[in-house]
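# Understanding the architecture of this molecule
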Amino acid sequence: MWRSLSERFAVLDVTYFVRHKGEVNACAFSADCQHLLTASDDSRLFLWNAKTGALLCKVTGHAGPVKDCRFSPDCALFASASHDCTVRVWDTATAECVHVLEGHCKSVETVRFSPDARQLLSGGWDHMAILWDTQLGQMLRLFSGHRDVIQSCDFSLNTQYLATGSWDCTVKVWSLRTDGDNTLEGHRGNVSCVCFSASGMLASGSWDKTVRVWNPCSGVLVFLLEGHSSWVKSVSFSRDGLLLATAGYSEMVKVWDCRTGKCIETLEVMLDQASSCIFSPDGALLVSGAAGHDEHQLQETKRETWRTVQGLNHPASIGKGNGQVPSEN
């Protein structure tokens, strides 16, 4: 994790969240910044204390890799999407499963809550996106039109639009008020991630190693962001929408100024491939998830403090903490 904004990005003392036994596919902050959720190929979700790095709960129930996870805006629930073709909704306080949402016929790759927490959007390998009622656990609407896997989705802040990114190289923007959709074309590879900003802009990352920032209503391309050496797996806007973080499947996370489209930081402190990145809800910190790493030697510089990690694989790394490595138990 890195501290951001006025002091530019600086690496803080690093705490490793290292108990997963598979690749960390996604990580999510609760809106109050108290908890961090990580989802892994080991079929589990881990709930952490974001400040101390303590593992609070190992959440089990999925029968396959967990591909995505998100907290509801009110922090009462979190949701997970899995290769087992289901979406699960969990109670944050008890970590008990509230709903098992069945409707997809293939792996579910992405899940997002609406800003009012009343709805949930999921998408997956069946080329479909499904809108769910989070309280009743019922399907509300089915979105079809993509010709390939839907790997990412998001709600606009005003809950009027949905966005889905697909392996058909397009982004679709769907209206919740009408039956219409707008197809954004330009990527030359699979679209792996999409994210709305607070101001309503839409970012999409692709296997073509680029990030595109769009006006989603008009379909106009605002910025074409180039510089990643491999496919872009994760994009995240800061709370004010002025910064955009992008994680390429390489040892770097890039941070862009959304007013100019310029890269202002390249953070090369990943342990391995950067599989995810997300700003904390307060906008002060940026966290990244890693695909895996080998044993690392202790290194000290003015701005970085790394701990030696022996025999532990697949961490999510976070840099505001006590710099301690949790025990393996």
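Data block above holds the structure.
The rules behind each value
- Residues numbered from 1 in each chain as written.
- Predicted model: local features only at pLDDT ≥ 70, side-chain atom pairs only at ≥ 80, totals over all residues.
- Heavy atoms only, no water.
- Helix = DSSP H or I, 4+ residues; strand = E, 2+ residues; numbered from the N terminus.
- Buried < 20%, exposed > 50% of the residue type's maximum accessible area, 1.4 Å probe, protein only.
- Contact = heavy atoms within 4.5 Å.
- Areas by Shrake-Rupley, 256 points an atom, 1.4 Å probe, with all protein chains shown as cover.
- Polar contact = N/O pair within 3.5 Å; in protein donor to acceptor, adjacent residues only side chain to side chain.
- Pairing = 2+ DSSP bridges.
- Core = buried A, V, L, I, M, F, W, Y, C linked by side-chain atoms within 4.5 Å.
- Phe/Tyr/Trp six-rings, centres within 6.5 Å; stacked < 30°, edge-to-face > 60°.
- Axes fitted to C-alpha atoms, helices over the stretch in contact; angles between N-to-C directions.

### Thoughts on the overall build of the protein chain
Within the protein chain one finds zero helices and 30 strands. Taken over 329 residues, the protein chain has a buried fraction of 57%. In the protein chain, the share of contacts with a sequence separation of at least 24, taken over all contacts with a separation of at least 6, comes to 44%. Accessible area of the protein chain: about 13500 Å², with a carbon and sulfur share of 45%.

### Quick word on the environment of L184
Examined against the element boundaries, L184 turns out to sit in strand β19 (residues 181–185). Using a relative accessible area of 3% as the deciding quantity, one classes L184 as buried. Between the C-alpha atom of L184 and that of V220, which follows or precedes it by 36 residues, the distance is 8.4 Å. Excluding residues within four positions of it along the chain, L184 makes contact with T170, V171, V173, L202, W214 and G219.

### Description of the side chain of K254
Note that K254 resides in strand β26 (residues 253–257). A polar side-chain atom of K254 sits 2.9 Å from a polar atom in the side chain of T266. Setting aside chain neighbours within four positions, we find K254 in contact with G227, H228, L244, A245, T246, C263, E265 and T266.

### Comments concerning the pairing of strand β12 (residues 108–113)
Among the six residues that make up β12, six are buried, leaving the element largely enclosed by the rest of the structure. Here β12 pairs with strand β13 (residues 119–124) via five bridges, running antiparallel. Counted as the bridge partner of F113 is L120 from β13.

### A short note on the environment of D116
Inspection of the secondary structure assignment puts D116 in the loop between β12 and β13. Placed 43 residues apart in sequence, D116 and T159 show a C-alpha to C-alpha distance of 8.2 Å. Here S114 takes part through its side chain, which lies 2.6 Å from a polar atom of the side chain of D116. From its side chain, D116 meets the backbone nitrogen of R118 in a polar contact 3.0 Å long.

### Looking at unusual backbone geometry
Positive phi outside glycine occurs at S43, with the angle close to 75 degrees. Examined against the element boundaries, S43 turns out to sit in the loop between β5 (35–40) and β6 (45–49). Phi angles above zero are rare outside glycine, and H127 is one such case at about 70 degrees. Relative to the elements of secondary structure, H127 occurs in the loop between β13 and β14 (129–133). Look at H127 and you get partly exposed, because its relative accessible area is 27%.

### Observations concerning the nonpolar core
Of all hydrophobic cores here, the largest spans 13 residues; its most connected members are L37, A39, L45, V59, C69, F71 and F78. Elements supplying a minimum of two residues to this core: β4 (24–29), β5, β6 and β8 (66–71). Considering each element in turn, this core owes the most residues, three residues, to β8. Residues in contact with L45, not counting those within four places in the same chain, are H20, L37, T38, A39, C57, K58, V59, H62, V66, C69, S80 and W90.

### Details of the packing of aromatic side chains
Following the criterion strictly, the structure yields seven aromatic pairs and no others. Summarising the aromatic geometry, the rings of F71 and F78 are spaced 5.9 Å apart at their centres and angled 65 degrees between planes, so their arrangement reads as edge-to-face. In this structure F78 comes out as buried when scored by relative accessible area, which is 0%. Arranged with centres 4.9 Å apart and planes meeting at 70 degrees, the rings of W125 and W167 form a pair that is edge-to-face.

### What about the sheet that holds β6?
Here four strands make up an open sheet; going across it, the order is β4-β5-β6-β7 and the pairing antiparallel. The sheet is open, and its two edges are formed by β4 and β7 (55–59), each paired on a single side. The average undirected angle you get between the axes of adjacent strands in this sheet is 15 degrees. In the sheet, β5 pairs with β6 via five bridges, with the strands oriented antiparallel. Bridge pairing in β6 places L36 opposite W48.

Just geometry here; none of it tells us what the structure is for.
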